[in-house]
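Here's the letter readout for the chains.
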2 protein chains.
Amino acid sequence: MVAQKSVVTPQSEDFPRWYQDVLNKAELAENGPVRGTMVIRPYGYALWERMQAEVDQRIKAAGADNAYFPLFIPESYLHKESDHVEGFSPELAVVTMGGGRELAEPVVVRPTSETIINAYLSKWIQSHRDLPMLINQWANVVRWEMRPRIFLRTTEFLWQEGHTAHASQQSARTYAAKILHEVYRDFMEQVLAIPVLVGYKTAAERFPGAINSMCLEAMMRDTKALQMGTSHELGQSFATMFDITYLDAEGNQEHVWQTSWGVSSRMVGGLIMAHGDDRGMVVPPRLAPTQAVVVAVRSDANVVEACHSLATELHAKGVRVKVDDATDTGFGRRATNWELKGVPMRVEIGPRDLEQQQATVVSRIGTEKQAVGLGDVPAVLVRELDRAQQAILATATAWRDSKIVDVNNLSTAREAAQVGFARIPWQVLGTEGEAALAKDAISVRCLQRADGSLPQAMEEPDLMAICARSY
Amino acid sequence: MVAQKSVVTPQSEDFPRWYQDVLNKAELAENGPVRGTMVIRPYGYALWERMQAEVDQRIKAAGADNAYFPLFIPESYLHKESDHVEGFSPELAVVTMGGGRELAEPVVVRPTSETIINAYLSKWIQSHRDLPMLINQWANVVRWEMRPRIFLRTTEFLWQEGHTAHASQQSARTYAAKILHEVYRDFMEQVLAIPVLVGYKTAAERFPGAINSMCLEAMMRDTKALQMGTSHELGQSFATMFDITYLDAEGNQEHVWQTSWGVSSRMVGGLIMAHGDDRGMVVPPRLAPTQAVVVAVRSDANVVEACHSLATELHAKGVRVKVDDATDTGFGRRATNWELKGVPMRVEIGPRDLEQQQATVVSRIGTEKQAVGLGDVPAVLVRELDRAQQAILATATAWRDSKIVDVNNLSTAREAAQVGFARIPWQVLGTEGEAALAKDAISVRCLQRADGSLPQAMEEPDLMAICARSY
């Protein structure tokens, strides 16, 4: 085999440059003109749209309703919760001019919507019959970013944020965990094919204003961690500040217990970095906007016709399919482009294939080409798509598990976290150890039980700390 | 019949108050804390989500791809097109502080995205093979609003904005008209059941920066006009300012021809005001997030069970259905609430219905109650939903047509536009007549051919001007 110059920088050579190359060459996204903002190109946005559809469906199944709250929040709202304002103040974008005049009270562009949503929950919630109140919003938010990186950390990003109010602490905690498991984890593992570790954030890493932050952490191909989503218990602090009370069945006025939870366009970055290889992206079939592309090898009319007719059949079978008959561009270059974009299956039809009434089927994650009779292609493709989905998750899981090392003191933790995740008893590490690791840019990603499950409370004994470098 | 106190102010008594009552009582939306912003509540947002889904599907069928561009635009971008900056400057929200510091260059919150999108089309378009480039974005935009009204005119609103680049003026014009007819008009008439007049805006009413604005205008129940959507030909002005050129097949460098087009959350206001009556909203079945509600008249276990089992059957038939078994609240009040929300069909089941194995079917637009055997409900409902869709459009069309009056001079135009739309030859009215009508808050909503079709060009003779008061 002749060594080919690859179209992207190899991961092993320079991972950040590999990521940047994939963003550019797969036409996913690029920098916006204002520092830290991004332009999401059609293919990148199609990935996000598919994520939205899958997450939205699960959020609705969990009983929450979508709504929409304003982008602009009076500055005074943020000051109502002290941890919250302290956490977000350094990142705010502030509008001081509106309609040609200086504003009497500046407004902030929402960095998150706890304050404005809770101001309304306070009006809408009166009785225990109104609880739980489960609201979700899909929106853009802004956090001024000093070290931006496309999809991973941008001044403006797209997300969903859920905000709920409950009659009891237990109901709030249970719902936050339900979202973590049934919405986020299920989506990430079953659709994105990304295995995630779940757990609690330490006090140092908690969301500003939360009493408890649950999270999902994934390992990228460079062994760094990416926080894929969070689900917070807010306790009663916002309820107290925004006076969100209800009349219980016994006629007492009580404050509600709350949660908030979100996943964002950062998941697109996670998708790229969790599965990508030196040929570009690998997109799992259940997520893929295009699951299969039927490529006309040459421009012969009967070849092009066969491609379209096969695509029609595949579409009827429920496969998200595209035809590539752009034969002005060489076949090799087109094949490389579909690989770059991570399209799961390629079906190639050339004049010789057609003569033999067959097509060549190539999986993005395989190396072999299969010759398949034209009539069998739909069945083969459906089977191969399913197989690819399972294989991508299995590969990512096995690889991640091989990079998690159990350690029992600070120095081995530090070492292990340079090339993977270090797992260490939280009682051994403690907040002092956590602070020590922070000097080497290593953080505790989450606290979880030894069996990997979510604790019932931070105070449980024998919790394990997962330590890693992170995005 | 005993006169009942209606839950909303009658339209004939005070139309703006009727609108406000419907917004509140049907729990659609309310004012945000920053002047001119709005909070869209779950039911209002569900209507918008259905609109998005239907419009998005048509946009994709028209060949455009979704993408996402930043909320923040450098102030200097807006200054590149002189009409554009003049049109939008008075409405801008300006961010002057970011990340705790004063910004070197202030950024504006997008009022529309022509400038930022065209800056990128300029990079992406190289050759005639890249054309047409068809981009759409779903986003929030901000235009500081001095006289806000929920859904109709708000400081922040939700919309889609399409931006396309073409090799020829004819291609751009044809595409702008395609969007007008195949996406917008089809959606408005077939889904919203709102008949629309199409035509060109006069020079006075044109989008800032366009050479030609096509529009869709609907009549509200108070006989005022609402602009439901627009599709603009931008000519080559943005292409020149942002240097968007392509190499044609002969090797010449040419500027592209462009379009932009949008519909917004204002359509929710249009939906309310086009069909609503003194009992609240009327939502056409094809749009309705809930097409039918199965109401348990009493809390008897077998009644509630029968409701759920019927709903399961209806769901299987593709009906978007909800069960109302909130029997804590009186039946009459619940029935009134579903009417307020405009849910097309109500199926009531009480103990006596159940004894006779029947249900009572009530259409939102009818007055009679039908007793229907339980087994026949699904078929009856599917038929009635279809019938209601047609009836709502037919009623709105007949009523609107009865309020369009042909006139032939300024004073009769002024008179007719007080109680409907006045149609007058554009040659008779002219820009002077247009300016005279403006003094009475009457505007030319559009110029169209006598047969109601879209002209090929503004210069066509015998165009008719539709004049009205408007939102």
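Residues numbered from 1 in each chain as written. Chains lettered and ligands numbered in written order. Predicted model: local features only at pLDDT ≥ 70, side-chain atom pairs only at ≥ 80, totals over all residues. Heavy atoms only, no water.

## Section: the domain arrangement of chain A
Residue and element names in this part refer to chain A.
Moving on, step 1. By the assigned domains, chain A splits into domain 1 (15–275), domain 2 (292–384) and domain 3 (405–468).
Moving on, step 2. In this structure, domain 1 and domain 3 have C-alpha centres spaced 25 Å apart.
Moving on, step 3. Across the domain 1-domain 3 interface, the total number found is 1 salt bridge.
Moving on, step 4. Here Arg 445 ties to Glu 217 by a salt bridge, and the two come within 2.9 Å at their closest N and O atoms.
Moving on, step 5. Across the contact surface, domain 1 and domain 3 share 8 residue pairs in polar contact (both at pLDDT 80 or more).
Moving on, step 6. Those elements that provide at least two residues to the side of domain 1 that touches domain 3 are helix H6 (169–190), strand S9 (197–200), strand S10 (212–219) and strand S11 (225–235).
Moving on, step 7. Counting residues per element, the side of domain 1 that touches domain 3 draws most heavily on S10, which supplies 5 residues.
Moving on, step 8. Each residue belonging to the side of domain 1 that touches domain 3 can be placed in one class, and the counts come to 11 nonpolar, 5 polar and 6 charged. (Domains from an automatic or database assignment. Salt bridge = Lys/Arg side-chain N within 4 Å of Asp/Glu carboxyl O. Polar contact = N/O pair within 3.5 Å; in protein donor to acceptor, adjacent residues only side chain to side chain. Helix = DSSP H or I, 4+ residues; strand = E, 2+ residues; numbered from the N terminus. Nonpolar A, V, L, I, M, F, W, Y, C, P; charged D, E, K, R; others polar.)

## Remarks on the environment of Ser 82 of chain B
All names here are of chain B.
Moving on, step 1. Residue placement: Ser 82 occurs in helix H4 (residues 82–88).
Moving on, step 2. Taking the relative accessible area as the measure of exposure, Ser 82 reaches 49% and is therefore partly exposed.
Moving on, step 3. Expressed as a C-alpha distance, the spacing of Ser 82 and Met 241, which sit 159 residues apart in the sequence, is 9.8 Å. (Buried < 20%, exposed > 50% of the residue type's maximum accessible area, 1.4 Å probe, protein only.)

## A word on the pairing of strand S14 (residues 257–264) of chain A
If a strand is regular, its side chains alternate between the two faces of the sheet.
Residues and elements named next belong to chain A.
Moving on, step 1. Counting buried residues along S14, 7 of its 8 residues qualify, which places the element largely inside the surrounding structure.
Moving on, step 2. Sheet analysis places strand S8 (residues 156–166) next to S14, joined by 8 bridges and oriented antiparallel. If you follow Gln 160 over to S14, its bridge partner there is Val 263.
Moving on, step 3. As judged from the 5 bridges shared by S11 and S14, these two strands associate in the antiparallel manner. Looking at S14, one finds that Thr 230 is bridged to Gly 262. (Pairing = 2+ DSSP bridges.)

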